[in-house]
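Residue-level listing of the chains:
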Amino acid sequence: MSSSDFRQIAIRTEAGKAERLFRAAVSAFCSLTRPSRREIAQLEDLTLPLFDEVSVESRRYVAAALSECEYAPAALVRRLAEEPVEIAAPLLTRSNALSDIDLIALIGRHGLPHARAIARRKALNATIAQLIRALERPTLVKTRPPETVTKLASVKPVPADTAEDKQPVPGKAEEDARRRLRSMMRPTGDGVAVNLFLGQPTYVKLRETALTGNAAFFQTALADALDVDFTTARSVTEQSSYAALLAALKALDLSEDRAFLIAVAVYPAEFPHPQAIRLFLDRYRLLHREAALDKVRAWKAETLSRAIRGNAAETADAERQASNSDGLATNLKAS
């Protein structure tokens, strides 16, 4: 069948019979063994202007037909893929005309219904598969302090007679929580591995902890990767936007797709449409790594300053206790 057959279909079809023309043109195209670029363009020129005039049944029929077509016209497939999943499912699941970028854009625009259909594709890009799993469990957005940290960060009660002398050192509770979290992520004494990410590259640790849905685990992995304290890592992920996290990922020299996967796991609400995805990629691409490293150096300096302040507080506390002890001993001798 040649390209002239499409014109003959249009000539034989009465005016206003958009349904018949729409179906017949696609059926004729799908019968071509190896359509030329011109024939593909002709089909798009013929069907796209009719798209809004045809019924849901015709759109579903065409979507199913094109999902089995090896050389389906990309523009028409993308237009059909924007339809509700009841229509678009065959294309989302099977069509080769949809690129990885198209799939990510569709997930960004339509959310879980399209994502679940895309998840059934064979040989799905691993990054997209991880993105879909992240959308299934969007629990890392900023809501309230993680219960895990709250529970693990609790300190032992201070005896009443020393409560006034021993004031909590700033950041100490967070660091205690961080150490306990890390111990939870190590193999237990009997050799049973609790942490499946132990010994893995930095990116794998960040990715897998982000996808656990536990903010504290990801913050701990991020603190280790950047060599900062837990307080700093938590502040990076609890900001209203992903700007600080973007700098952290750039400093770690992650590729764009890896950085995006982690960002969407931590801030899923920031990517409601393809334009938001494009904006993130543009910002990440334009951010100089040296500028990101400068920001991380500033975080490390703050970490060191906080540690010095903590040590100074501990020293002052020890001196105060020693002074109180000396005074008590002197009073006892005098009495």
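Sequence order as written defines residue numbering, which begins from 1 separately in each chain. Two thresholds apply to this predicted model, a pLDDT of at least 70 for residue-level local features and 80 or more for giving and counting side-chain atom pairs, whereas whole-chain, interface and lining totals are computed over all residues. Note: side-chain values were computed over all heavy atoms of the structure, leaving out hydrogens and water.

Engineer: Please clarify how the overall build of the chain should be interpreted in this entry.
Structural biologist: Numbering goes from the N terminus for both helices and strands, where a helix is a DSSP run of H or I of at least four residues and a strand is a run of E of at least two. Per the secondary structure count, the chain includes 18 helices and zero strands. Here the chain holds 335 residues, and 43% of them are scored as buried. A separation threshold of at least 6 residues defines the contact pool for the chain, and within that pool the share at least 24 residues apart is 67%. Each accessible area value is a Shrake-Rupley result obtained with a 1.4 Å probe; residue values ignore everything except the protein chains displayed when judging cover. Looking at the chain as shown, the accessible area adds up to about 18,400 Å², and 54% of this sits on carbon and sulfur atoms. Whether a residue is buried, partly exposed or exposed follows from its accessible area with a 1.4 Å probe, protein chains only, as a fraction of its type maximum: under 20%, in between, or over 50%, in that order. Note on definitions: a residue-residue contact is assigned when non-hydrogen atoms from the two residues lie within 4.5 Å.

Engineer: Whenever I open this one, the nonpolar core confuses me. Can you help?
Structural biologist: Across soluble globular proteins, you tend to see nonpolar side chains buried next to one another. Definition of nonpolar core: a set of buried residues of the types Ala, Val, Leu, Ile, Met, Phe, Trp, Tyr and Cys, connected through side-chain atoms within 4.5 Å. Grouped together as the largest cluster of nonpolar side chains are 81 residues, with contacts concentrated most on Leu 66, Ile 118, Leu 222, Phe 260, Phe 271 and Phe 280. Among the elements that take part in this core, helix 16 (residues 256–266) stands out by supplying eight residues, more than any other. The residues contacting Phe 280, other than those within four sequence positions of it, are Tyr 242, Leu 246, Glu 256, Ala 259, Phe 260, Ala 263 and Phe 271.

Engineer: What is the right way to look at helix 13 (residues 215–226) in this model?
Structural biologist: To estimate how far a helix should extend, the number of its residues minus one is multiplied by 1.5 Å. Over its twelve residues, helix 13 runs 16 Å from end to end, which matches the ideal 16 Å to within 8%, given 1.5 Å per residue. With respect to burial, helix 13 is a largely interior element, ten of its twelve residues being buried. Listed in full, the buried residues belonging to helix 13 are Ala 215, Ala 216, Phe 217, Phe 218, Gln 219, Thr 220, Ala 221, Leu 222, Ala 223 and Leu 226. Definition of a polar contact: a pair of N or O atoms within 3.5 Å, with one able to donate and the other able to accept a hydrogen when the atoms are protein atoms, and with sequence-neighbouring residues admitted only if both atoms are side-chain atoms. At the N-terminal end of helix 13, a side-chain oxygen is found 2.9 Å from the backbone nitrogen of Ala 216, two or three residues along, and the residue is Asn 214. Taken from the residues just after helix 13, Asp 227 is the one with a positive phi, measuring 60°.

Engineer: What am I meant to see in the packing of helix 7 (residues 100–110) against helix 9 (residues 126–136) here?
Structural biologist: For any two helices packed against each other, the geometry comes down to the angle between their axes and how far apart the axes lie. The geometry of helix 7 relative to helix 9 is characterised by a closest axis approach of 11 Å and an angle of 5° between their N-to-C directions. Accordingly, the angle class assigned to the pair helix 7 and helix 9 is roughly parallel. Residues Asp 100, Leu 103, Ile 104 and Ile 107 of helix 7 form the contact with helix 9, whose own contacting residues are Ile 128, Leu 131, Ile 132 and Leu 135. Split into classes, the residues belonging to the contact of helix 7 with helix 9 amount to seven nonpolar, no polar and one charged. Angles shown run from 0 to 180 degrees and are taken between the N-to-C directions of axes, each axis being a line fitted to C-alpha atoms and, for helices, limited to the stretch in contact. For classification purposes, angles smaller than 35 degrees are called roughly parallel, those larger than 145 roughly antiparallel, those between 65 and 115 roughly perpendicular, and all remaining angles oblique. For this classification, Asp, Glu, Lys and Arg are treated as charged, while Ala, Val, Leu, Ile, Met, Phe, Trp, Tyr, Cys and Pro are nonpolar and the rest, including Gly, are polar.

Engineer: Whenever I open this one, the packing of helix 15 (residues 243–251) against helix 17 (residues 274–286) confuses me. Can you help?
Structural biologist: At a minimum axis distance of 10 Å, the contact between helix 15 and helix 17 shows a crossing angle of 50°. Considered as vectors, helix 15 and helix 17 are oriented oblique to each other. When the axes of helix 15 and helix 17 are compared, the crossing they make is right-handed. Where helix 15 approaches helix 17, its residues Leu 246, Leu 249 and Lys 250 are matched on the opposing element by Phe 280, Arg 283, Tyr 284 and Arg 285. Classifying every residue of the contact of helix 15 with helix 17 gives four nonpolar, no polar and three charged. The hand of a helix crossing depends on one turn: near helix anticlockwise from the far one by less than a right angle means left-handed, and clockwise means right-handed.

Engineer: Help me understand helix 2 (residues 18–30), please; the structure alone is not making it clear to me.
Structural biologist: Count 3.6 residues to each turn of an α-helix, and residues three or four apart come out pointing the same way. Spanning 13 residues, helix 2 covers 18 Å between terminal C-alpha atoms, matching the ideal 18 Å at 1.5 Å per step. Listed in full, the buried residues belonging to helix 2 are Ala 18, Leu 21, Phe 22, Ala 25, Val 26, Ala 28 and Phe 29. Summarising the axial view, the buried residues of helix 2 lie within an arc of 160°, below the 170-degree limit, and thus occupy one face. Here the arc refers to the directions that run from the helix axis out to each C-beta atom.

Engineer: How do you make sense of the pattern of salt bridges when you look at a structure like this?
Structural biologist: Close approach of charged atoms allows side chains of opposite charge to pair. In the sections that follow, a salt bridge refers to a side-chain nitrogen of Lys or Arg positioned within 4 Å of a carboxyl oxygen of Asp or Glu. Taken as a whole and assessed by the stated rule, the structure comprises eleven salt bridges. Linking Glu 256 and Arg 285 is a salt bridge whose minimum nitrogen-to-oxygen distance equals 2.9 Å. Here Glu 256 is found in helix 16, whereas its partner Arg 285 is found in helix 17, with 29 residues between them in sequence. On the basis of relative accessible area, Glu 256 is assigned to the partly exposed category, the value being 28%. By relative accessible area, Arg 285 is classed as partly exposed at 41%. By sharing partners, the salt bridges in this structure join Asp 52, Arg 59, Arg 79 and Glu 83 into a single network.

Engineer: Explain unusual backbone geometry here, please?
Structural biologist: Leaving glycine aside, a negative phi is the common case for residues, and trans is the common case for peptide bonds. Residue Asp 227 is not a glycine yet carries a positive backbone phi of 60°. Looking at the element boundaries, Asp 227 is found in the loop between helix 13 and helix 14 (230–237). Classification of Asp 227 as exposed rests on a relative accessible area of 57%. Of note, Asp 253 is a non-glycine position whose phi angle comes to about 60°, a positive value. Looking at the secondary structure, you find Asp 253 in the loop between helix 15 and helix 16.

Engineer: So what exactly am I meant to see when it comes to the confidence of the model for the chain here?
Structural biologist: Note that predicted coordinates carrying low pLDDT should not be read in detail. The share of residues in the chain with pLDDT of 70 or more is 68%, and the mean pLDDT across the chain is 76. Within the model, the stretch residues 10–15 combines pLDDT values under 50 with three contacts to residues more than four positions away or in other chains. Confidence of the prediction at every residue is given by pLDDT, a number between 0 and 100.

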